[in-house]
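Next come the chains, spelled out residue by residue.
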Amino acid sequence: MARYRPNRLFPIILIVVISVIAIATLISITRVIFFSGGATTAPAVDVSRQALLSTDANRMVRLTVRGPIVADENFRSYQLSVTPNSRTLVTYKGYLDTPIDTVNLNNTIPAYEQFVFALDRANLTKGTQLSGDKNDIRGICATGEVYSFEILQGDQIVKELWTSTCSGSTGSLQANRSQLVGLFGAQIPNAQTLISKTNL
């Protein structure tokens, strides 16, 4: 009888061990299939980059440049806007934005596409947009120039990044400012001649 009991217990222990391993394996497989975010999760979409590269009719990219904070009579700024259908440059005087010169030109979707892809390759969307007071450019860089780059869908700003010529006010733009400004300026023939009238 003494020999019979251990022989009978061994198969029971073996069955219990196999059952525990099977249950643990089943739980692991269930977690991987239903609860793991690894392989089944889609990569994050960069909404601002998607908006920049879209050639839908309601898309726009815009550059606004503001000069030093001076007397109203001497204050100058300009804005350059590009859509799939149009290119516009307006230079202003005074804080109420009284137009000095305006240029309105047609655009084509292929031309716009090349332009926005060039902006993308120049890292326009790389910066992180600031919020609240940190994104308020009023009075920023009072002795220099402030550059604001916007990506728009209709009237809604998808992303706005800015920088300035003042070392203490670098803003949110992390791309090469001169390269981006050059790309915008190249969209309007003789743009620099009109901009030079503003002394910016």
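A short tour of the structure in this document, coming up. (Residues numbered from 1 in each chain as written. Predicted model: local features only at pLDDT ≥ 70, side-chain atom pairs only at ≥ 80, totals over all residues. Heavy atoms only, no water.)

Let us look at the sheet that holds strand β1 (residues 59-66). Sheet strands line up and pair through hydrogen bonds in the backbone, either parallel or antiparallel. Reading across the sheet, the six strands line up as β4-β3-β2-β1-β5-β6 and stay open at both edges, with antiparallel pairing between neighbours. Unpaired on one side and paired on the other, β4 (98-106) and β6 (156-164) mark the two borders of the sheet. Direction aside, the axes of adjacent strands within the sheet are offset by 10° on average. Of the strand pairs in this sheet, β1 and strand β5 (residues 146-153) are connected by eight bridges, and their pairing is antiparallel. If you follow R59 over to β5, its bridge partner there is Q153. Along the sheet, helix α3 (residues 109-121) contacts β1 and β2 (76-82); its crossing angle with β1, the most-contacted strand, is approximately 55°. (Pairing = 2+ DSSP bridges. Helix = DSSP H or I, 4+ residues; strand = E, 2+ residues; numbered from the N terminus. Axes fitted to C-alpha atoms, helices over the stretch in contact; angles between N-to-C directions. Contact = heavy atoms within 4.5 Å.)

Relative to the 18 Å expected for 13 residues at 1.5 Å per residue, α3 spans 18 Å between its end C-alpha atoms, a close match to the ideal helical length. Every buried residue of α3 is accounted for by Y112, F115, V116, L119 and D120. Buried positions in α3, seen along its axis, are confined to an arc of 140° and lie on one side of it. Of the exposed residues in α3, the ones pointing more than 90 degrees away from its buried face are P110, Q114 and R121. Buried positions along α3 lie against α2 (47-53), β1, β2 and α4 (177-185). A positive backbone phi angle near 70° is found at N123, which sits one or two residues after α3. (Expected span 1.5 Å × (residues − 1). Buried < 20%, exposed > 50% of the residue type's maximum accessible area, 1.4 Å probe, protein only. Arc of directions from axis to C-beta.)

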